[in-house]
Amino acid sequence: MKGLVYATICVLLSFVIYLSDNIVCDDSWVKPPTKCEVCKYLATEFVSKLSETKSGQVLETGHGLDTKKKKIKYQTSELRLYDVLNEPHVCERLLDYNVHNERKNSLRFAKKRSETMSTLQNLVNRGVDVKMDIPYDLWNETSAEVRELHKQCFIITNEYEEDIEDWYFHHQDKDLMTYLCLDRYLKDSKADSACLTEKEGDSKTENDEGKEEKNKSKDDKKKKLSEKIKKSIKEEL
């Protein structure tokens, strides 16, 4: 019994130490998405959804009795645009994102589960009694950041609907993120557009330059602290 208690305490303490460098426990606990981040992921999901609707189908328009019906390619039709924007609405896809506190800048938003929550879930699956301020049944609830991402996405699609339509019908050869976000949505504001160029695996984005030595030092300190805690627990048991 003592061995199980010891193992559980050690795992939880190690996890707490891990979290200490990845979660900021002050007024910045919830960091709302920036204008750049909202537009970036709207454009990402719009293009992704557009690619999922590719079809060589030809549509015929006109009344049922018309002998000369107009033929339109689905790929450039209003129907396809409507499907992408509203069936279901493209912004609903942003609810599939999660916040990754261990990542930097816009890359904190990603569809896969965060490393923090994956670690917690693995502990639960192994039978460890993980105690947190958040009840277990709320672990998979949409975060405040993602809810705001979702809300602001609808605002952009409503205010810039004509620009999105113009891109769809006349400028699909151009990058939507540049056309909508950089050249329009962020153009007349002071919002930073740097997030538009951040990509998965970009080491300069995910890790601040010149921090390797500092991180190594932190790892050493955490290791020593962990060993000290374990030794203390053994002595108490």
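Up top you'll find the structure we're talking about.
Here the structure is a predicted model, which means the values were calculated and not measured.

Regarding helix H7 (residues 176-185)
Part 1 of the reasoning: Three or more residues of H7 are buried, namely Leu 176, Met 177, Tyr 179, Leu 180, Cys 181 and Tyr 185.
Part 2 of the reasoning: Where H7 is buried, its residues contact helix H2 (35-52), helix H5 (144-159) and helix H6 (161-170).

Quick look at helix H3 (residues 78-86)
Part 1 of the reasoning: Considered for burial, the residues of H3 that qualify are Arg 80, Leu 81, Asp 83, Val 84 and Leu 85.
Part 2 of the reasoning: If you follow the buried residues of H3, they end up packed against H2 and H6.

Thoughts on the pattern of salt bridges
It is possible for side chains bearing opposite charge to pair when their charged atoms get close.
Part 1 of the reasoning: Scanning all chains against the criterion turns up six salt bridges.
Part 2 of the reasoning: With a shortest N-O distance of 3.0 Å, Glu 37 and Arg 108 are connected by a salt bridge. Residue Glu 37 is found in helix H2, and its partner Arg 108 is found in the loop between strand S3 (98-99) and strand S4 (109-110); the two are separated by 71 residues along the sequence.
Part 3 of the reasoning: Judged by its relative accessible area of 6%, Arg 108 falls in the buried class.
Part 4 of the reasoning: Lys 111 is the partner of Glu 45 in a salt bridge, and the nearest nitrogen-oxygen pair spans 3.3 Å. One end of the pair, Glu 45, is in helix H2; the other, Lys 111, is in the loop between S4 and helix H4 (115-125), with 66 residues separating them in the sequence.
Part 5 of the reasoning: Glu 45 sits in the buried class, given a relative accessible area of 3%.
Part 6 of the reasoning: Residues joined by salt bridges that share partners form a network here, namely Glu 45, Glu 52, Arg 93 and Lys 111.

Let's talk about the packing of H2 against H7
Part 1 of the reasoning: Their axes nearest at 9 Å, the elements H2 and H7 cross at an angle of 150 degrees. In terms of orientation, H2 lies roughly antiparallel with respect to H7. As H2 runs across H7, the sense of the crossing is right-handed. Across the interface between the two elements, Lys 35, Cys 39, Lys 40, Leu 42, Ala 43, Thr 44, Phe 46 and Val 47 of H2 pack against Leu 176, Met 177, Leu 180, Cys 181 and Tyr 185 of H7.
Part 2 of the reasoning: Its residues assigned to classes, the contact of H2 with H7 shows ten nonpolar, one polar and two charged.

Reading guide: rules and limits
Residues numbered from 1 in each chain as written. Predicted model: local features only at pLDDT ≥ 70, side-chain atom pairs only at ≥ 80, totals over all residues. Heavy atoms only, no water. Buried < 20%, exposed > 50% of the residue type's maximum accessible area, 1.4 Å probe, protein only. Helix = DSSP H or I, 4+ residues; strand = E, 2+ residues; numbered from the N terminus. Contact = heavy atoms within 4.5 Å. Salt bridge = Lys/Arg side-chain N within 4 Å of Asp/Glu carboxyl O. Axes fitted to C-alpha atoms, helices over the stretch in contact; angles between N-to-C directions. Parallel < 35°, antiparallel > 145°, perpendicular 65-115°, else oblique. Left-handed = near helix turned anticlockwise from the far one by under 90°. Nonpolar A, V, L, I, M, F, W, Y, C, P; charged D, E, K, R; others polar.

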